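Residue-level listing of the chains:
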There are 2 protein chains.
Amino acid sequence: MISNKMVGLVQNSSIIRAMFEEGKRLADIYGAENVYDFSLGNPSVEPPKEIREEILNIINMEDANLVHGYMSNSGYQDVRTTIADSLNKRFQTSFTGENIIMTVGAAGGLNVILKTLLNPGDEVIVFSPFFGEYRNYVDNFDGKLVVVPPDINDFQPDLAEFETRVTEKTKAVIVNTPNNPTGVVYSETTIKGLADVLNRKQKEFGISIYLISDEPYRELVYDSIEVPYLTKYYNNTIVGYSFSKSLSLPGERIGYLVIPNEVDDYTNVVGAANVANRILGFVNAPSLMQRVVARCLDAEVDIASYNRNRELLYYSLREYGYTCIKPEGAFYLFVKALEEDDKAFAAAAKKHNILIVPGSSFGCPGYCRIAYCVAYETIKRSLPGFEKLAKEYSTADRS
Amino acid sequence: MISNKMVGLVQNSSIIRAMFEEGKRLADIYGAENVYDFSLGNPSVEPPKEIREEILNIINMEDANLVHGYMSNSGYQDVRTTIADSLNKRFQTSFTGENIIMTVGAAGGLNVILKTLLNPGDEVIVFSPFFGEYRNYVDNFDGKLVVVPPDINDFQPDLAEFETRVTEKTKAVIVNTPNNPTGVVYSETTIKGLADVLNRKQKEFGISIYLISDEPYRELVYDSIEVPYLTKYYNNTIVGYSFSKSLSLPGERIGYLVIPNEVDDYTNVVGAANVANRILGFVNAPSLMQRVVARCLDAEVDIASYNRNRELLYYSLREYGYTCIKPEGAFYLFVKALEEDDKAFAAAAKKHNILIVPGSSFGCPGYCRIAYCVAYETIKRSLPGFEKLAKEYSTADRS
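The rules behind these values
- Residues numbered from 1 in each chain as written.
- Chains lettered and ligands numbered in written order.
- Predicted model: local features only at pLDDT ≥ 70, side-chain atom pairs only at ≥ 80, totals over all residues.
- Heavy atoms only, no water.
- UniProt positions renumbered as here; feature names shortened; annotations may be inferred.
- Helix = DSSP H or I, 4+ residues; strand = E, 2+ residues; numbered from the N terminus.
- Expected span 1.5 Å × (residues − 1).
- Buried < 20%, exposed > 50% of the residue type's maximum accessible area, 1.4 Å probe, protein only.
- Least-squares fit on C-alpha atoms with pLDDT ≥ 70 in both.
- 1 Å grid on protein atoms, 1.4 Å probe; cavity = no way out; pocket = protein on both sides within 12 Å on 5 of 7 lines; lining within 4 Å.
- Points joined across faces, edges and corners; volume = space filled by probe spheres on them.
- Nonpolar A, V, L, I, M, F, W, Y, C, P; charged D, E, K, R; others polar.
- Salt bridge = Lys/Arg side-chain N within 4 Å of Asp/Glu carboxyl O.
- Pairing = 2+ DSSP bridges.
- Contact = heavy atoms within 4.5 Å.
- Axes fitted to C-alpha atoms, helices over the stretch in contact; angles between N-to-C directions.

As recorded in an unreviewed UniProt entry, chain A goes by the name Aminotransferase, listed as coming from Anaerocolumna aminovalerica. UniProt lists a comment for chain A under the heading Sequence similarities (unreviewed entry), and it reads "Belongs to the class-I pyridoxal-phosphate-dependent aminotransferase family." Its UniProt record gives chain A the following Cofactor (unreviewed entry) comment, quoted word for word: "pyridoxal 5'-phosphate".

Following this line, the structure appears as structure tokens:
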């Protein structure tokens, strides 16, 4: 009796559930400490201490009807202004509170902006590998997902392949940098090239193409690498931000959209996004958390501990003979599967109690994602398993 | 450049914004205390003290990664079990945590269940007057809204009219009791009659018709009136609940769906609702607030103060010659406009600095909604304006 669209999604979800159950089964047999679950992007480090402090400050000092009450669908005016000011200071932009719409996480923000923009049949381009949920978000509004194949040399977007896929039906392009699942940060050269293609194609077809930058991992970068702020490179850029990873608050569902004055049809886009936030059933981003994050914009989680995980995992895998790019951000490592079939490879890893996600889930078969947002000890204990796994394949090759 | 669907919605939203701006303009001219804004359903009473206490308890005592972290898309298992137990105690039902899905308010819950059920073109029946957002929620999934005209004698659903509108395309019926905008509680007789029609039509067409009960006002009732718990009257009932009004937390976006074991295709419906919660971009209900409401299920807002407003407003309006039903729940009073055109009547009221919403917004022209969730003093000060307004019309009649 459920809708036709949901039938396939429920089946797919049962497979994920089965994986989860399998992890629990393994933990029951071998003990939880001997099962190495790298399947989930759930922050392992604590929220910064400022979160607790500011919740207490707000609850003790501010008026309860203000803290828990309705406000504009776009969020509290003071919160939006504070966020705009903070962005301007960090990125030399010139936003005001009117450019900010508070959202139920970045997932909420992406759905709001896609609802705002898409007519049925409109095309949305993504670069493989990409966060699998984009497919569902685009399908929510009957858009058509167009996938650009990966450049496996460095996992930067392949701009030549991209250019061939832009058509007069292209309404939006979604990028995600630092990237889930590769950990790659798109370089300034890439961004400039991407903007160049988009500007040319907008002119050629006489259309507006919006670049949607999904940025839940902006603050999680290593070796002081810079993540270009995309609104400065391309006028029709809309940013979707989330505090889930930057402040370890994934359950709270708090983020925002940035819709700069420069985007085509600005007044309607920002007006429609405000309405979409309401009619999709979000209504507004959770009120207490809006006030909390506005007071914690300079707070940081313990990135050093993700970095420690990254170093250990990356150098160990390289030593065992695996092929992978050193992640520059986020908390994922994308390793080449040791056989063509990434699902078979993930199944082989499971025999060593190692749980990883096949690249097929990110539109990029032949690889697997390792989420290293786990305890350092978990990575350490998993290494002998990774080593044995590599040996199994090298022995098989030689036989 | 925005989507075609959004164009009309943005225009409509500009009209509401203009009303809001007009209220501000009046306040600037006459002083805020001399403008009587009855247009918004925003709780005026404080959250119960337990909310503050339990936030502090949770923040001080529980693990931060648990409190702010990801959990199952359907919510924390312990929270869901606590809610099921509380419902069972209050309504002699037999739910478990598996029947509960935590949602981003009732608005989120309704979108989740409509995404779960609707194929394009499926019909969803509502009873006039109804909460205007239902039209948008149904349209989000390309469903077709079918409106049953009101029975203006008592504003109970007109079951004869209802029966003629059920077709083989009917997938769901939405009811809202206590009702926004009338304040009427659907009687047990009405509910039994509704269930009877639904059961007969299900058999006649060989289909499943889901009854969706939108219950943000369940706890706001007066004179100890009972609000029937609909799952006990009709097997295919799904409840959407919100804590927005019962605990004065509208900004926090916290509620739940109840999907009983008895509904047709239960396993798929509950599985699909879990997936829909994720892919619509909610992901999960805000985590801290899930834990807070589970500890405050027996807490109450100050309903006595809404009741004081109700009594003063109702008896005064009756004295001035207005026609209206005494509300039994919620914080709305639905008054008959003193001319045919409810928009013109609302405009006439505005000349007395009284802001009310035309019934057309609820699919019921000829009436206006007065939201009396305001300070008692506001109602008191507005009464001379209501009296003059009535006199204007009675004089006009005689001329």
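Now, onward.
A. Quick look at helix α11 (residues 303-319) of chain A. Residues and elements named next belong to chain A. The first and last C-alpha atoms of α11 sit 24 Å apart over 17 residues, in line with the 24 Å expected at 1.5 Å per residue. Taken residue by residue, α11 has I303, Y306, N309, R310, L312, L313, Y314, S316 and L317 as its buried positions. Just downstream of α11 lies G321, where phi reads positive at about 100°.

B. Summary view of the UniProt feature "domain: Aminotransferase class I/classII large" (unreviewed entry) in chain A. In the numbering adopted here, UniProt assigns the feature "domain: Aminotransferase class I/classII large" (unreviewed entry) to residues 34-380 of chain A. Summarising residues 34-380 of chain A: 38% helix, 15% strand, and an end-to-end C-alpha distance of 11 Å.

C. Region of interest: the relation of the copies chain B and chain A. For the pair chain B and chain A, the relating rotation is 180°, the translation along its axis is 0.0 Å, and the fit reaches an RMSD of 0.0 Å. When the rotation and shift are considered jointly, the pair of chain copies conforms to a two-fold rotation axis.

D. Empty space enclosed by the protein, seen in detail. For the structure shown, the criterion picks out seven cavities of 30 Å³ or more. There is about 50 Å³ of room inside the largest cavity. For the largest cavity, the full set of lining residues is K115, N140, F141 and L280 of chain A together with K115, N140, F141 and L280 of chain B. Considered class by class, the residues forming the lining of the largest cavity number four nonpolar, two polar and two charged.

E. The arrangement of the pattern of salt bridges in detail. All names here are of chain A. Enumeration according to the criterion identifies 42 salt bridges over all chains in this entry. Note that E62 is salt-bridged to R291, the shortest N-O span being 2.8 Å. One end of the pair, E62, is in the loop between α2 (49-61) and α3 (64-67); the other, R291, is in helix α10 (residues 287-294), and 229 residues separate them in sequence. With a shortest N-O distance of 2.6 Å, R218 and E215 are connected by a salt bridge.

F. Representation of the sheet that holds strand β9 (residues 332-336) of chain B in the model. All names here are of chain B. If you trace the three strands from one edge of the open sheet to the other, you get β9-β12-β11, paired in antiparallel fashion. Lying at the two open borders of the sheet, with one neighbouring strand each, are β9 and β11 (357-358). By the bridge criterion, five bridges tie β9 to strand β12 (residues 367-371) in an arrangement that is antiparallel. Across the sheet, residue F334 finds its bridge partner in β12, namely R369. Together, β11 and β12 form the strand contacts of helix α12 (residues 342-350), whose direction differs from that of β12 by roughly 45°.

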